[in-house]
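# A look at the structure
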There are 2 protein chains.
Amino acid sequence: MPKGQPPVVPDDGLSTKQRRNAPLLAVHTGPGKGKSTAAFGMALRAWNAGLSVGVFQFVKSAKWRVGEESVFHRLGELHDEHGVGAPVQWHKMGSGWSWSRKPGSEDDHAASAAEGWAEVARRLAEQEHDFYVLDEFTYPLKWGWVDVDEVVSTLQARPGKQHVVITGRDAPEALMTAADLVTEMTKIKHPMDAGRKGQKGIEW
Amino acid sequence: MPKGQPPVVPDDGLSTKQRRNAPLLAVHTGPGKGKSTAAFGMALRAWNAGLSVGVFQFVKSAKWRVGEESVFHRLGELHDEHGVGAPVQWHKMGSGWSWSRKPGSEDDHAASAAEGWAEVARRLAEQEHDFYVLDEFTYPLKWGWVDVDEVVSTLQARPGKQHVVITGRDAPEALMTAADLVTEMTKIKHPMDAGRKGQKGIEW
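Residues numbered from 1 in each chain as written. Chains lettered and ligands numbered in written order. Predicted model: local features only at pLDDT ≥ 70, side-chain atom pairs only at ≥ 80, totals over all residues. Heavy atoms only, no water.

### Topic: the overall build of chain A
Let me state the cut-off plainly: A run of DSSP states H or I qualifies as a helix once it reaches four residues; a run of E qualifies as a strand once it reaches two. Both are numbered from the N-terminal end. With a 1.4 Å probe rolled over the protein chains alone, any residue whose accessible area is under 20% of its type maximum counts as buried; one over 50% counts as exposed, and the rest are partly exposed. Note on contacts: a residue pair qualifies if any of its non-hydrogen atoms lie within 4.5 Å across the two residues. A 1.4 Å probe and the Shrake-Rupley method give the accessible areas. Residues count as covered only by the protein chains that appear here.
Helices and strands together make up the secondary structure of chain A, namely 7 helices and 6 strands. Written out in order from the N terminus, the α and β elements of chain A read α-β-α-β-α-β-α-β-α-α-β-α-β. The proportion of buried residues among the 204 residues of chain A is 54%. The long-range fraction of contacts in chain A, counting pairs at least 24 apart against all pairs at least 6 apart in sequence, stands at 76%. Surface accessibility of chain A: about 8500 Å² in total, with carbon and sulfur atoms responsible for 51%.

### Thoughts on helix α6 (residues 148–156) of chain B
Residue and element names in this part refer to chain B. Our working rule: To be clear, the arc concerns the directions from the helix axis to the C-beta atoms.
Listed in full, the buried residues belonging to α6 are V148, V151, V152, T154 and L155. Buried positions in α6, seen along its axis, are confined to an arc of 165 degrees and lie on one side of it. Across from the buried face of α6, at angles greater than 90 degrees, the exposed residues are D149 and Q156.

### Digging into the pattern of salt bridges
Opposite charge on two side chains permits pairing when their charged atoms draw close. Our working definition: Salt bridges are defined as contacts in which a side-chain nitrogen from Lys or Arg sits within 4 Å of a carboxyl oxygen from Asp or Glu.
Across all of its chains, the model carries 16 salt bridges over all chains by this definition. Measuring nitrogen to oxygen at the nearest pair gives 3.7 Å for the salt bridge that ties A:E128 to A:R123. A salt bridge links B:K142 to B:D170, with the nearest nitrogen and oxygen atoms 2.6 Å apart. In this pair, B:K142 sits in helix α5 (residues 138–142) while B:D170 sits in the loop between β5 (163–167) and α7 (173–178), placing the two residues 28 residues apart along the sequence.

### Quick notes on the sheet that holds strand β2 (residues 53–57) of chain B
Test applied: Two strands make a pair as long as DSSP finds a minimum of two bridges between them. Angular values range over 0 to 180 degrees, each being the angle between N-to-C directions of two axes fitted as lines to C-alpha atoms, with helices fitted over their stretch in contact.
Reading across from one edge, β3(A)-β2(A)-β4(A)-β5(A)-β1(A)-β6(A)-β6(B)-β1(B)-β5(B)-β4(B)-β2(B)-β3(B) is the order of the 12 strands in this open sheet, with mixed pairing throughout. Two strands close off the open sheet at either side, each with one partner strand: β3 (88–92) of chain A together with β3 (88–92) of chain B. Put simply, the sheet's adjacent strands are angled 15 degrees from each other on average, direction ignored. Inspection of the sheet shows strand β6 (residues 181–189) of chain A paired to strand β6 (residues 181–189) of chain B by 7 bridges, in the antiparallel sense. Within β6(B), the position partnered with A:K187 by the bridge is B:T183.

### Examining the packing of helix α2 (residues 35–48) of chain A against helix α3 (residues 66–82) of chain A
Residues and elements named next belong to chain A. To be explicit about the condition: Angle categories: roughly parallel below 35 degrees, roughly antiparallel above 145, roughly perpendicular from 65 to 115, and oblique for all the rest. When residues are sorted by character, Ala, Val, Leu, Ile, Met, Phe, Trp, Tyr, Cys and Pro go into the nonpolar class, Asp, Glu, Lys and Arg into the charged class, and all the rest, Gly among them, into the polar class.
For the pair α2 and α3, interaxial distance at closest approach is 12 Å and the crossing angle is 5 degrees. By the angle class used here, α2 and α3 are roughly parallel. Taken together, the residues of α3 that come into contact with α2 (itself represented by T37, F40, A43, L44 and W47) are E68, F72, L75, G76 and L78. Grouping the amino acids of the contact of α2 with α3 by side-chain chemistry returns 7 nonpolar, 2 polar and 1 charged.

### Some details on the packing of aromatic side chains
Each aromatic ring pair is described using two quantities: the centre-to-centre distance and the angle formed by the ring planes. Residue and element names in this part refer to chain A. The condition that has to hold: The aromatic pairing rule takes the rings of Phe, Tyr and Trp, using the six-membered ring of Trp, and pairs them if the centres are within 6.5 Å, calling planes under 30 degrees apart stacked, those over 60 edge-to-face and the rest tilted.
Inspection of the entire model under this criterion finds 22 aromatic pairs over all chains. Centroid distance F40 to F72: 6.2 Å. Interplanar angle 50 degrees. Geometry classified as tilted. Of this pair, F40 sits in helix α2 while F72 is found in helix α3, placing the two residues 32 residues apart along the sequence. Of the two residues, F40 and F72, both sit in the buried class.

### Brief notes about the pairing of β2(B)
Residues and elements named next belong to chain B. For β2, the tally of buried residues reaches 5 of 5 residues, placing the bulk of the element in the interior. Of the two faces of β2, the one carrying V53, V55 and Q57 and the one carrying G54 and F56 are both buried. Relative to β3, β2 is paired through 5 bridges, and the arrangement is parallel. Looking at the pairing, V55 lines up with W90 of β3. Pairing geometry for β2 and strand β4 (residues 131–135), over 5 bridges, is parallel. Across the sheet, the residue bridging to F56 is L134, located in β4.

### What about the side chain of A:Q162?
Residue and element names in this part refer to chain A. Defined as follows: Under the rule applied, a polar contact is a pair of N or O atoms within 3.5 Å (in protein, one hydrogen donor and one hydrogen acceptor; residues adjacent in sequence only if both atoms are side-chain atoms).
Relative to the elements of secondary structure, Q162 occurs in the loop between α6 (148–156) and β5 (163–167). Reaching out from Q162, the side chain makes a polar contact with the backbone oxygen of L124 at a distance of 2.8 Å. Sequence-distant contacts of Q162, defined by excluding residues within four places in its chain, comprise P23, L24, R123, L124, Q127, E128, H129, D130 and Y132.

By themselves these figures say nothing about function.
See below:
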């Protein structure tokens, strides 16, 4: 995509530089593939630019995204050992969040999701990361496990320069309205339609 | 996305495993963001699974994707020095392709694109990489610089188990028909609409 001039220059009292560097809230939604993959691709770029990355996976299954998790752990090590890039943290709901000492209740997904969001909100307030991926976070919103209005107001009030990317199908309208960038991934054709299952290195 | 059973089991004489491990041809198209980013995210996963990665950027501007290029170079070094992941090669059209000794003609983009495709076709025949990203490759196809039918037949006849992901707007119909996976990225909302320019770590 060419850099170029934006089509509109808003009358918001900000300089081009201030506007350019405004923290981004992005949503990747829709039924197609690439929502999370594109979010992790953005995180990669952020890491390379020296932005610390925090990933929060709001899904139960630890089987998925193991490829990305492994690479991001390695990138975090590269930072810690050689000072390149930026720190990386990767937290997943699984059976209790990775920061939590107490074992999570396997059964109470709603409570786990709420706990995850409370921690993200705390970190946003403390500006703990520069770039957040809230992976599959639309589902707890959709299911009412986490309050959409509270999420939107917390995101809008977040201090400093923290970028947030939220992925998942059926993003709530209020979240899309609050976002700076919304991309919908649409499935035109998928190998599962032709009876193919996922494969290592491609699907996970 | 759950792994689960595919909706159809085709009568193609293949075992589930053979079908699962069929090489993938994916196309990321549409006017929205995330087409290339998701392709590089897939490449990341492939690298982690030990698949060698070859990236071919069919765009003139060397300014873009510098973040990804830098990270993938580092991943390639991780492989070469520590044996983790897989080899990585990153080639861009710029002023002549990176494998080419002779300086490219700055002016003849059509010839450069054709040269790039000829090299990719040669590599596919020799099974040089496991995972190819042909970034922004739809444009030379659209502009008639590279023949769509030849591309499709070369891709369909590619030997072994080589995955190919092609990105760019306006993917030709014949390419989408040949592809196993087509995802369209649709722009719902973009910060440039609100007069914001791209920023380091986010856009490049």
